[in-house]
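For reference, the chains in residue letters:
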Amino acid sequence: MDYKKTNAPLTTVTRDMIAMAEQTGNVYETVCIIGKRANQIAADLKKELEKKLAEFASSDNLEEVSENREQIEISRFYEKLPKPTLIATQEYIEHKLYFSNPLKEKDHLKD
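Conventions adopted
- Residues numbered from 1 in each chain as written.
- Predicted model: local features only at pLDDT ≥ 70, side-chain atom pairs only at ≥ 80, totals over all residues.
- Heavy atoms only, no water.
- Axes fitted to C-alpha atoms, helices over the stretch in contact; angles between N-to-C directions.
- Helix = DSSP H or I, 4+ residues; strand = E, 2+ residues; numbered from the N terminus.
- Parallel < 35°, antiparallel > 145°, perpendicular 65-115°, else oblique.
- Contact = heavy atoms within 4.5 Å.
- Nonpolar A, V, L, I, M, F, W, Y, C, P; charged D, E, K, R; others polar.
- Buried < 20%, exposed > 50% of the residue type's maximum accessible area, 1.4 Å probe, protein only.
- Expected span 1.5 Å × (residues − 1).
- Polar contact = N/O pair within 3.5 Å; in protein donor to acceptor, adjacent residues only side chain to side chain.
- Left-handed = near helix turned anticlockwise from the far one by under 90°.
- Phe/Tyr/Trp six-rings, centres within 6.5 Å; stacked < 30°, edge-to-face > 60°.
- Core = buried A, V, L, I, M, F, W, Y, C linked by side-chain atoms within 4.5 Å.

**Remarks on the packing of helix H2 (residues 27-54) against helix H3 (residues 69-80)**
The N-to-C vectors of H2 and H3 enclose an angle of 170°; their axes lie 10 Å apart at closest approach. By the angle class used here, H2 and H3 are roughly antiparallel. Together, Leu45, Glu48, Leu49, Lys52 and Leu53 of H2 and Gln71, Ile74, Ser75 and Tyr78 of H3 make up the contact between the two elements. Residue composition of the contact of H2 with H3, grouped by class: five nonpolar, two polar and two charged.

Shown next as structure tokens:
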């Protein structure tokens, strides 16, 4: 997914967790779903950033480290992106997340 084009807010927003929990029926379960998705997003963003910064790594003399303007611009761009928790929350609100609870599905099969 392209996290750069998300419409998630850049700052923290107060949310009504009871209203958000309507999909699952449980506030804790909702927070767990959003938290797991936020971890996935953070890992993806970290891999992407490391991949872009690896292009600038050189095996020359390590003592001669000079700041690279492109590296700084890339780092600033990633710093300005919404935090992974905000992106995950926005995805949850927009019903873009697929989630299932195997325990609930197991209980429904018994009935």
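**Some words on the side chain of Thr89**
Position of Thr89 among the secondary structure elements: in helix H4 (residues 84-93). Overall, the relative accessible area of 11% leaves Thr89 in the buried class. Aside from chain neighbours lying at most four places away, what touches Thr89 is Arg15, Met20 and Ile34.

**Some words on H2**
Helix length check: H2, at 28 residues, gives a terminal C-alpha distance of 40 Å against a target of 40 Å (1.5 Å per residue), a fit within 8%. Glu29, Thr30, Ile33, Ile34, Arg37, Ala38, Ile41 and Leu45 are the residues of H2 that are buried. Its side-chain oxygen at 2.9 Å from the backbone nitrogen of Tyr28, Asn26 defines the N-terminal cap of H2.

**A look at the packing of H2 against H4**
Contact pair H2 / H4: the axes reach a minimum separation of 8 Å and the direction vectors enclose 125°. Relative to H4, the element H2 is oriented oblique. As for the relative orientation of H2 and H4, their crossing is right-handed in sense. Note on element contacts: H4 touches H2 through Pro84, Thr85, Ile87, Ala88, Thr89, Glu91 and Tyr92, opposite Thr30, Ile33, Ile34, Arg37, Ala38, Ile41, Ala42 and Leu45. A class-by-class count of the residues in the contact of H2 with H4 yields 10 nonpolar, three polar and two charged.

**Concerning the packing of aromatic side chains**
For the structure on display, the rule yields two aromatic pairs. Consider the rings of Phe77 and Tyr78, whose centres lie 5.6 Å apart with planes at 90°: the pair is edge-to-face.

**Topic: the nonpolar core**
In terms of nonpolar packing, the biggest core is built from 14 residues, with Ile34, Ile41, Leu45, Tyr78, Ala88 and Tyr92 touching the most fellow members. Every element with two or more residues in this core is listed here: H2, H3 and H4. Broken down by element, this core gets its largest block of residues, five residues, from H2. Setting aside chain neighbours within four positions, we find Ile34 in contact with Met20, Thr85, Ala88, Thr89 and Tyr92.

So, to be careful, I would describe these as geometric facts and stop short of saying anything about function.
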